Number of protein chains: 2
Amino acid sequence: MNISTANALLISIGNELLSGQTVNTNANYLANEMTQIGFSVLKIITIPDSKEIFSSEIKKSLSEGIYRVILITGGLGPTWDDSTASFLAETLNVPSILNSEALALVTQRYKELYEQGLVESAKITSARKKMAYLPEGTNTIYNPVGTAPGIIYKDSIHNTMLYCLPGVPKEMKAMFLILIPELKMISALEESFYFETEFFTSFTDESILAPFLLIIREKYDVWIKSLPKSYQEEENIHIIISSKGKTQNEAKSLVFKARDYLSELISGGEIEEI
Amino acid sequence: MNISTANALLISIGNELLSGQTVNTNANYLANEMTQIGFSVLKIITIPDSKEIFSSEIKKSLSEGIYRVILITGGLGPTWDDSTASFLAETLNVPSILNSEALALVTQRYKELYEQGLVESAKITSARKKMAYLPEGTNTIYNPVGTAPGIIYKDSIHNTMLYCLPGVPKEMKAMFLILIPELKMISALEESFYFETEFFTSFTDESILAPFLLIIREKYDVWIKSLPKSYQEEENIHIIISSKGKTQNEAKSLVFKARDYLSELISGGEIEEI
């Protein structure tokens, strides 16, 4: 899985994720998008709205020096528990300052929402202003859906880009789209391209298929995975083969070679493309 | 969130979770169940099928000494990448041995599946036998749905119970049910009980609600959270108040006091129970 150096870490913040009230669909969305862009997502961490845990995870993750990108979601809103910006300032040991660009973005968004009749006033209250206090030395990401700007921090020592996005899925997705060109550039610089294929076999019993997967795994530099259902369902087993390469064609060619050899091993026409 | 010492850590293993192919519904299910039982889930980690990352996370998590329970899902099946048992043996620095109880469970399950016509043979092949190799000194958990037994390891030094369950949701859930009495006992020993309530307010703008939530937060030892949608949706904001106590009544009483005061603050009838 790890032939690329374009490693990414996803951190989801929110007590509601740890109490099971909310399914972490953000992590799934970002894992999928980042993989398609060419990153290896090495780890996903979900943590509560706790300064100690936040600081410890960020410090450790930066100092490991293996991540090119750290994507953080959650904790950017106007309520008391939305503390990502202040936690980050403390973690980086810099002051939280009223960021003029962030304040302009917040002001602009409330003006727009007021004009659309979605809020009762455009006044910048202290709860609203709070969203414009960012760690010194960081940059903002425009939020086209909600009101809280995102945060960009570049750690030059570890060559890591850290991005903070809101936890509300619509806002997170709209802001991630803005980041894609930059992320694609980072991944391209690492010469990392991803390709995958998936198909059904005629097998329903994973223990019978297992030795064939091992042969493929040992012969090719691909990741091959069978996705079993439970035995009760008697469903044909689904296979995913994926790889990375320095070009898209290199990744694709490896994956197809592995797939063709598996097809041969399990005697021909037993693969059904999805 | 953290008045209890019944802290839990969830670790999900599987490359398919990190590439976004699969949504981590297991973590959500377990987070919810563990919270209801009285645990504080302090962290959820998702990692790939990698020995180095597995060992590093398990060693670190045990040595932190703050978790009463570590629940691991994934990597127990018959295929080449199902390596949780062998990774755990290496991490604990003990040999992988053919566990006679595990072998009996695997043998029994394939016999049952054969009798039900769900597998073609009950023969214990090497792929099947692989699931019965467990770290020395660990115990098994019966798998009533699939074939891979679970693993129980007790770390007496850190007072941590570590449970490994399969990643297939049906199997994981059936095996988690078996563990519930033991988990309830652990949580009860820590005198940790959880209660939550949720309701809608008449607010659609989180920045207006924010100061009231802060007042509640500062006055009561509860966790209060507003769950915003995006502004476009104009949906009433949903609130969750939860707390822990040494008895269920203590937790419940705190939560209701906080809810009643919030209702008063935002002038009476503006709360709608869900």
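Residues numbered from 1 in each chain as written. Chains lettered and ligands numbered in written order. Predicted model: local features only at pLDDT ≥ 70, side-chain atom pairs only at ≥ 80, totals over all residues. Heavy atoms only, no water.

### Brief notes about the overall build of chain A
Item 1. Across its full length, chain A carries 9 helices and 12 strands.
Item 2. Dimensions of chain A, computed from the C-alpha atoms along their principal axes, are close to 70 × 40 × 35 Å.
Item 3. Counting only residues that meet the buried cut, chain A has 57% of its 274 residues in that class.
Item 4. Across chain A, the fraction of contacts at a sequence separation of at least 24, relative to all contacts at a separation of at least 6, is 70%.
Item 5. Put simply, chain A shows about 11,100 Å² of open surface, and 52% of that area lies on carbon and sulfur atoms.
Item 6. Placing the 24 positive and 34 negative side-chain charges of chain A at their respective mean positions leaves the two points 7 Å apart. (Helix = DSSP H or I, 4+ residues; strand = E, 2+ residues; numbered from the N terminus. Buried < 20%, exposed > 50% of the residue type's maximum accessible area, 1.4 Å probe, protein only. Contact = heavy atoms within 4.5 Å. Areas by Shrake-Rupley, 256 points an atom, 1.4 Å probe, with all protein chains shown as cover. Lys, Arg positive; Asp, Glu negative; His and termini not counted. Charge placed at Lys NZ, Arg CZ, Asp CG, Glu CD.)

### Considerations on the domain arrangement of chain A
Item 1. Domain boundaries in chain A define domain 1 (7–189) and domain 2 (193–273).
Item 2. Taking the mean C-alpha position of each, domain 1 of chain A and domain 2 of chain A sit 36 Å from one another. (Domains from an automatic or database assignment.)

### Here's the deal with the interface of chain A and chain B
Item 1. Tallying the contact residues gives 66 residues for chain A and 65 residues for chain B.
Item 2. For the pair chain A and chain B, the summed buried surface comes to about 5,700 Å²; carbon and sulfur atoms form 59% of the total.
Item 3. At the boundary of chain A with chain B, the tally comes to 6 salt bridges.
Item 4. Of the charged contacts in the structure, one is a salt bridge between Glu57 of chain A and Lys43 of chain B, with a shortest N-O distance of 2.3 Å.
Item 5. At the junction of chain A and chain B, the tally comes to 16 residue pairs in polar contact (both at pLDDT 80 or more).
Item 6. For the side of chain A that touches chain B, the per-class residue count stands at 32 nonpolar, 17 polar and 17 charged. (Buried area = accessible area lost by both parts, 1.4 Å probe. Salt bridge = Lys/Arg side-chain N within 4 Å of Asp/Glu carboxyl O. Polar contact = N/O pair within 3.5 Å; in protein donor to acceptor, adjacent residues only side chain to side chain. Nonpolar A, V, L, I, M, F, W, Y, C, P; charged D, E, K, R; others polar.)

### Observations concerning the environment of Ser12 of chain B
Residue and element names in this part refer to chain B.
Item 1. Positionally, Ser12 belongs in strand β1 (residues 7–13).
Item 2. Ser12 gets classed as buried once you look at its relative accessible area, which sits at 2%.
Item 3. In the structure, Ser12 is positioned 10 residues away from Thr22 in sequence and 12 Å away in space, judged by C-alpha atoms.
Item 4. In contact with Ser12, other than residues within four places in its own chain, are Leu17, Asn24, Ala27, Ile45, Thr46, Ile47 and Thr73.
Item 5. There is a polar contact of 2.9 Å between the side chain of Ser12 and the side chain of Asn24.

### Some remarks on the packing of aromatic side chains
Item 1. The tally for this structure, following the rule as stated, stands at 10 aromatic pairs over all chains.
Item 2. Here the aromatic rings of Tyr29 of chain A and Phe176 of chain A are separated by 6.1 Å at their centres, their planes lie at 80 degrees, and the arrangement is edge-to-face. With a gap of 147 residues between them, Tyr29 of chain A in helix α2 (residues 25–37) and Phe176 of chain A in helix α7 (residues 169–189) connect regions that are remote in the sequence. Of the two residues, Tyr29 of chain A and Phe176 of chain A, neither departs from the other in class, the shared state being buried.
Item 3. For the ring pair Tyr220 of chain B and Tyr261 of chain B, a centre distance of 6.3 Å and an interplane angle of 65 degrees mean the geometry is edge-to-face. With Tyr220 of chain B in the loop between α8 (206–219) and β10 (223–227) and Tyr261 of chain B in helix α9 (residues 248–265), the pair connects residues that are 41 residues apart, well separated along the chain.
Item 4. Residue placement shows Arg128 of chain A over the ring face of Tyr110 of chain A; its charged tip is 3.9 Å from the ring centre.
Item 5. The residue whose ring lies beneath Lys219 of chain B is Tyr261 of chain B, and the NZ or CZ to ring-centre distance is 5.1 Å. (Phe/Tyr/Trp six-rings, centres within 6.5 Å; stacked < 30°, edge-to-face > 60°. Lys NZ or Arg CZ within 6 Å of the ring centre and 35° of its normal.)

### Observations regarding the relation of the copies chain A and chain B
Between the two copies of this chain, the relationship is a rotation about some axis together with a displacement along it.
Item 1. Its rotation angle being 180 degrees, the transformation that places chain A on chain B also includes 0.0 Å of axial translation and leaves an RMSD of 0.0 Å. Here the copies are linked by what is in effect a two-fold axis. Proximity to the rotation axis, assessed at the C-alpha, singles out Ile45 of chain A in chain A; its C-alpha lies 2.3 Å from the axis.
Item 2. When the interface residues of chain A are mapped onto chain B, 98% of them are again interface residues, pointing to one common binding face. (Least-squares fit on C-alpha atoms with pLDDT ≥ 70 in both.)

### Some points on the side chain of Ser55 of chain A
Item 1. In this fold, Ser55 of chain A is placed in helix α3 (residues 51–64).
Item 2. Beyond its immediate sequence surroundings of up to four residues, Ser55 of chain A is in contact with Phe87 and Thr91 of chain A.

### Some thoughts on the nonpolar core
Item 1. Counting residues in each nonpolar core, the largest one holds 32 residues, and the members touching the most others are Ile11, Phe54, Ile70, Ile72 and Leu162 of chain A.
Item 2. Elements with a minimum of two residues in this core: β1 (7–13), β2 (40–47), α3, β3 (69–73), α4 (84–92), α5 (100–115), β7 (150–155) and β8 (160–165) of chain A.
Item 3. If we ignore the near neighbours within four places in the chain, the residues touching Ile72 of chain A are Ile11, Ile13, Phe54, Ile58, Thr84, Leu162, Tyr163, Cys164 and Leu165 of chain A.
Item 4. Core analysis: the next-biggest nonpolar cluster, separate from the first, contains 31 residues, Ile11, Ile58, Leu88 and Tyr153 of chain B among them. (Core = buried A, V, L, I, M, F, W, Y, C linked by side-chain atoms within 4.5 Å.)

### What about helix α2 (residues 25–37) of chain B?
Residue and element names in this part refer to chain B.
Item 1. Here α2 spans 18 Å end to end across 13 residues, near enough to the 18 Å set by a 1.5 Å rise per residue.
Item 2. Those residues of α2 that sit buried are Asn26, Ala27, Asn28, Tyr29, Leu30, Ala31, Met34, Thr35 and Ile37.
Item 3. Looking one or two places after α2, you find Gly38, whose phi comes out positive at around 120 degrees. (Expected span 1.5 Å × (residues − 1).)

### Points about the pairing of β7 of chain A
Residue and element names in this part refer to chain A.
Item 1. In terms of residue burial, β7 counts as a mostly covered element, since 5 of its 6 residues are buried.
Item 2. With 3 bridges joining them, strand β6 (residues 139–141) and β7 adopt antiparallel strand pairing. Residue pairing in the sheet places Asn139 in a bridge with Ile152 of β7.
Item 3. Pairing of β7 with β8 involves 5 bridges; the strand directions are antiparallel. The partner of Ile151 across the bridge, within β8, is Cys164. (Pairing = 2+ DSSP bridges.)

### Side note on the pairing of β1 of chain B
Residue and element names in this part refer to chain B.
Item 1. Across the 7 residues of β1, 7 count as buried, placing the element largely inside the fold.
Item 2. By the alternation rule, side chains of β1 split into Asn7, Leu9, Ile11 and Ile13 and Ala8, Leu10 and Ser12, which are all buried.
Item 3. Bridge count for β1 against strand β2 (residues 40–47) is 7 bridges, and the pairing is parallel. The residue of β2 that forms the bridge with Ile11 is Ile45.
Item 4. With 5 bridges joining them, β1 and strand β3 (residues 69–73) adopt parallel strand pairing.

### Re the packing of α2 of chain B against helix α7 (residues 169–189) of chain B
Residue and element names in this part refer to chain B.
Item 1. Close contact between α2 and α7 brings their axes to 10 Å; oriented N to C, the two are set at 20 degrees. In terms of orientation, α2 and α7 fall into the roughly parallel class. Once α2 is placed against α7, the crossing between them reads as right-handed. Facing Thr25, Asn26, Tyr29, Leu30, Glu33, Met34 and Ile37 of α2, the residues of α7 in contact are Pro169, Met172, Lys173, Phe176, Leu177, Ile180, Leu183, Lys184 and Ser187.
Item 2. Considering only residue class, the contact of α2 with α7 consists of 10 nonpolar, 3 polar and 3 charged. (Axes fitted to C-alpha atoms, helices over the stretch in contact; angles between N-to-C directions. Parallel < 35°, antiparallel > 145°, perpendicular 65-115°, else oblique. Left-handed = near helix turned anticlockwise from the far one by under 90°.)

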